[in-house]
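Examination of the molecular architecture
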Amino acid sequence: MPFLIAGSREAASVSAPPSAPREQLSSRRGAASGPRSHGSGALSRGSLPYRLSAADREVLWLYLLTRIGIGATAYCARWLFPADSKARAAGSVLVPFERWDWSHFLHIARDGYFPEQAAPGHSGGDSREAFFPGFPLLLRAVHTVVPSWTAAGLLISFVAGAVAVLALARIARLYLPHAEAGHRAVLFLLLSPCAIFLAAGYSEALFLALALPAWLLAQRQHWPCAALLTALATAVRVSGLFLAAAIAVQFVLSARAHRNWRPLPWLALPAVPLGLYTWYLHAHTGDWMAWKHAQERGWYRNFHSPWEAWTNTWHAAFAHAQTTGYAFMFQAELVAMLVGLVLLGLLIRRRRWAEATYIGLNLWALGTSYWYMSIPRATLLWWPLWIALAAWSLRAPRFKTVYLCLAAPLTTVFALTFLSGRWAG
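The following refers to the structure shown.

1. Remarks on the overall build of the chain
In terms of helices and strands, the chain carries 19 helices and 0 strands. Within the chain, buried positions represent 52% of all 425 residues. Within the chain, counting contacts between residues at least 6 apart in sequence, those at least 24 apart form 73% of the total. As displayed, the chain has an accessible area near 19500 Å², and 65% of this comes from carbon and sulfur atoms.

2. Some points on helix 7 (residues 181-190)
Each α-helix winds once per 3.6 residues, and so residues spaced three or four apart point in a common direction. Summarising burial for helix 7: 9 of the 10 residues are buried, a large majority. Turning to helix 7, its buried residues number three or more, namely Ala181, Gly182, Arg184, Ala185, Val186, Leu187, Phe188, Leu189 and Leu190. Buried residues along helix 7 sit in contact with helix 3 (54-80), helix 6 (149-175), helix 8 (196-199), helix 18 (383-395) and helix 19 (398-420).

3. A closer look at the nonpolar core
Nonpolar side chains in soluble globular proteins tend to end up buried together. Leu168, Trp215, Leu243, Tyr358, Trp382, Trp383 and Trp386 are the most contacted members of the largest nonpolar core, which has 121 residues in total. If you tally residues by element for this core, the top one is helix 6, at 15 residues. Excluding anything up to four places from it in sequence, Trp386 contacts Leu168, Ala185, Phe188, Leu189, Ser192, Thr379, Leu380 and Tyr403.

4. A look at the packing of aromatic side chains
Counted under the stated rule, the structure contains 31 aromatic pairs. A centroid spacing of 6.0 Å and a plane angle of 65 degrees characterise the contact between Tyr113 and Tyr280, whose relative ring orientation is edge-to-face. Placement of the pair is Tyr113 in the loop between helix 4 (101-111) and helix 5 (134-143) and Tyr280 in helix 12 (residues 271-285), with a sequence separation of 167 residues. Taking relative accessible area as the criterion, Tyr113 reaches 6% and is therefore assigned buried. The class for Tyr280 is partly exposed, based on a relative accessible area of 29%.

5. Topic: the environment of Ala327
When you line up the elements, Ala327 lands in helix 15 (residues 324-349). Given the relative accessible area of 11%, Ala327 is considered buried. If sequence neighbours within four positions are ignored, Ala327 has contacts with Ala316, Ala317 and Gln322.

6. Regarding the pattern of salt bridges
Tallying each qualifying case throughout the model produces 10 salt bridges. Between Arg173 and Asp56 there is a salt bridge, and its shortest N-O distance comes to 2.7 Å. Here Asp56 lies in helix 3 and Arg173 lies in helix 6, a separation of 117 residues in the sequence. You'll find Arg173 and Asp56 in the same group, each marked buried.

7. Side note on the side chain of Glu204
Secondary-structure assignment places Glu204 in helix 9 (residues 204-219). The buried category is assigned to Glu204, whose relative accessible area is 0%. Those residues in contact with Glu204 that sit more than four places away from it in its chain are Phe197, Leu198, Arg237, Arg377, Leu380 and Leu381.

8. Structural notes on the packing of helix 3 against helix 7
One can describe the packing of helix 3 onto helix 7 by two numbers: an axis separation of 10 Å at closest approach and a directional angle of 15 degrees. The angle between helix 3 and helix 7 falls in the class roughly parallel. You can see that helix 3 and helix 7 cross each other, and the crossing is right-handed. Contact residues: Glu58, Val59, Leu62, Tyr63, Thr66 and Arg67 in helix 3; His183, Val186, Leu187 and Leu190 in helix 7. Of the residues contributing to the contact of helix 3 with helix 7, the split by class is 6 nonpolar, 2 polar and 2 charged.

9. Observations regarding helix 10 (residues 223-236)
If you check helix 10, its first and last C-alpha atoms are 20 Å apart, about what 14 residues at 1.5 Å a residue would give, namely 20 Å. Within helix 10, 10 of the 14 residues are buried, which leaves it mostly tucked inside the rest of the structure. Looking only at helix 10, the buried set comprises Trp223, Ala226, Ala227, Leu229, Thr230, Ala231, Ala233, Thr234, Ala235 and Val236. Close packing links the buried residues of helix 10 with helix 5, helix 9, helix 11 (239-258) and helix 12.

10. Some remarks on unusual backbone geometry
Its identity as a non-glycine residue notwithstanding, His320 has a phi of 60 degrees, on the positive side. Take His320: it is sitting in the loop between helix 14 (306-318) and helix 15. Phi is positive for Ser374, close to 70 degrees, though the residue is something other than glycine. With respect to the secondary-structure elements, Ser374 resides in the loop between helix 16 (353-366) and helix 17 (375-378).

11. Observations regarding a nonpolar patch on the surface
Among the surface-exposed residues, Trp61, Leu64, Leu65, Ile68, Leu155, Phe158, Val159 and Val163 lie close enough to one another that they form a single nonpolar patch of about 710 Å² accessible area. For the nonpolar patch, the secondary-structure elements that each account for two or more residues are helix 3 and helix 6. Here Leu65 lies in helix 3. Using a relative accessible area of 41% as the deciding quantity, one classes Leu65 as partly exposed.

Basis of the calculations
- Throughout, residues of each chain are indexed from 1 in the direction in which the sequence is written.
- Where totals are concerned, whole chains, interfaces and linings use all residues; where local detail is concerned, this predicted model gives features only for residues with pLDDT of at least 70, and gives and counts side-chain atom pairs only at 80 or more.
- Side-chain descriptors were evaluated using all non-hydrogen atoms of the structure, hydrogens and water having been removed beforehand.
- Numbering of helices and strands runs from the N terminus; a helix is a DSSP stretch of H or I covering at least four residues, while a strand is a stretch of E covering at least two.
- Buried means the residue's accessible area, taken with a 1.4 Å probe over protein chains only, is under 20% of the maximum for its type, while exposed means over 50%, and partly exposed covers the values in between.
- Only heavy atoms matter for contacts: two residues are in contact if any of them lie within 4.5 Å across the pair.
- Per-residue and other accessible areas follow the Shrake-Rupley method at a 1.4 Å probe size, with only the shown protein chains counted as cover for residues.
- Nonpolar cores were defined as sets of buried Ala, Val, Leu, Ile, Met, Phe, Trp, Tyr and Cys residues, with membership established by side-chain atoms within 4.5 Å.
- Geometry of aromatic contacts follows a simple scheme: Phe, Tyr and Trp rings, the Trp one being its six-membered ring, pair when their centres are within 6.5 Å, and the pair is stacked under 30 degrees between planes, edge-to-face over 60, tilted otherwise.
- A pair is scored as a salt bridge if a Lys or Arg side-chain nitrogen falls within 4 Å of a carboxyl oxygen belonging to Asp or Glu.
- For every element, the axis is a line fit to its C-alpha atoms; helices are fit only across the contacting stretch, and the angle between N-to-C directions ranges from 0 to 180 degrees.
- Roughly parallel here means an angle under 35 degrees, roughly antiparallel means over 145, roughly perpendicular means 65 to 115, and every remaining angle is called oblique.
- In this scheme the handedness of a crossing depends on how the near helix is turned from the far one: anticlockwise by less than a right angle means left-handed, clockwise means right-handed.
- Three categories are distinguished: nonpolar for Ala, Val, Leu, Ile, Met, Phe, Trp, Tyr, Cys and Pro, charged for Asp, Glu, Lys and Arg, and polar for the others, with Gly belonging to the last.
- Expected helix span is taken as 1.5 Å per residue step, with the number of steps being one fewer than the number of residues.
- Patches draw on residues past 30% relative accessible area with no salt bridge. Two like charges within 9 Å are joined, as are two nonpolar side chains (Val, Leu, Ile, Met, Phe, Trp, Tyr) within 5 Å.

Structure, rendered in structure tokens:
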């Protein structure tokens, strides 16, 4: 599988494989003076990133169509899968999006981490400290304008998702010498099995809306802005720390090539949100590791060796120890882990050290719990995966058809399962 083409001068000298195809080598020569835009949309020094090219508008049109499709699926789900099988009327159109993690974000935004009625040092027993404050804070702010909490969450994800797909498309066009690269990467993301989580009031869309522009800016060596966006991403999800590590690796590669270490202090900025959140939790609980302990208490994320985690997940998936719904989800966890390991191997082979750092840290964090949990959802945050799939589809035209035929039923199943609230039937 071909992968990322150098997007900057230092990346071309460090990361390009020695046996790159001719078309990649020609692209690399073009990258010596900056990334190529290929249909426009790639961010470059002095350009205006808010100006939309024709390729950007096509990406937004695709995004809007998929949002309409999810809305139609939610409409059908509330009629076909009501909470009461004898109901004569469907519930609110927003009800299908009020599932699982949404309740945690809602409770934090509405009541805070430590409601007054809870005992000192406890959050009411729901382990809400496990969720970083970025999304709940924004949700509370938007709720001052949008009366419905659920509608406010959906609005955040809708706007953030639009920003995220634009950034993903521009990153893909930065790396791949083809006008269709951005559109393909976004298509594969939006039609991936877990794409429903980008539409719900969850933190994935907001994280991508911060993380992907941060990565794009890092490719163009705008380190202060990249660090600021990474810090905001860290306030949303712990994955922001993995992004910070990847940007640090990218900076070192760049600094070694250009002998410019002056922006180095900016790389410490992403640690500030984590430090503030840790201090806040300690002030209320007396526990410096309150976030980690909440993860362990609520989701079994205590440390286990990778082989123990694989064994436990395999047993849950195939040993008939779980109900069929949960067993299927554990099977999906195993597949997602395998996809991540293959992606990591490809990145290392292509010497994409920064991206490999990001994916490797993700896999280590997700693969060292008691068993695997939320890895399929985490794939949404693996932007190198979607660019790799886009690159593969550009070399093998049939791959796009194969992917869509396989992903479409899985995407429908995941969306209906989520929207109907029957995750583990």
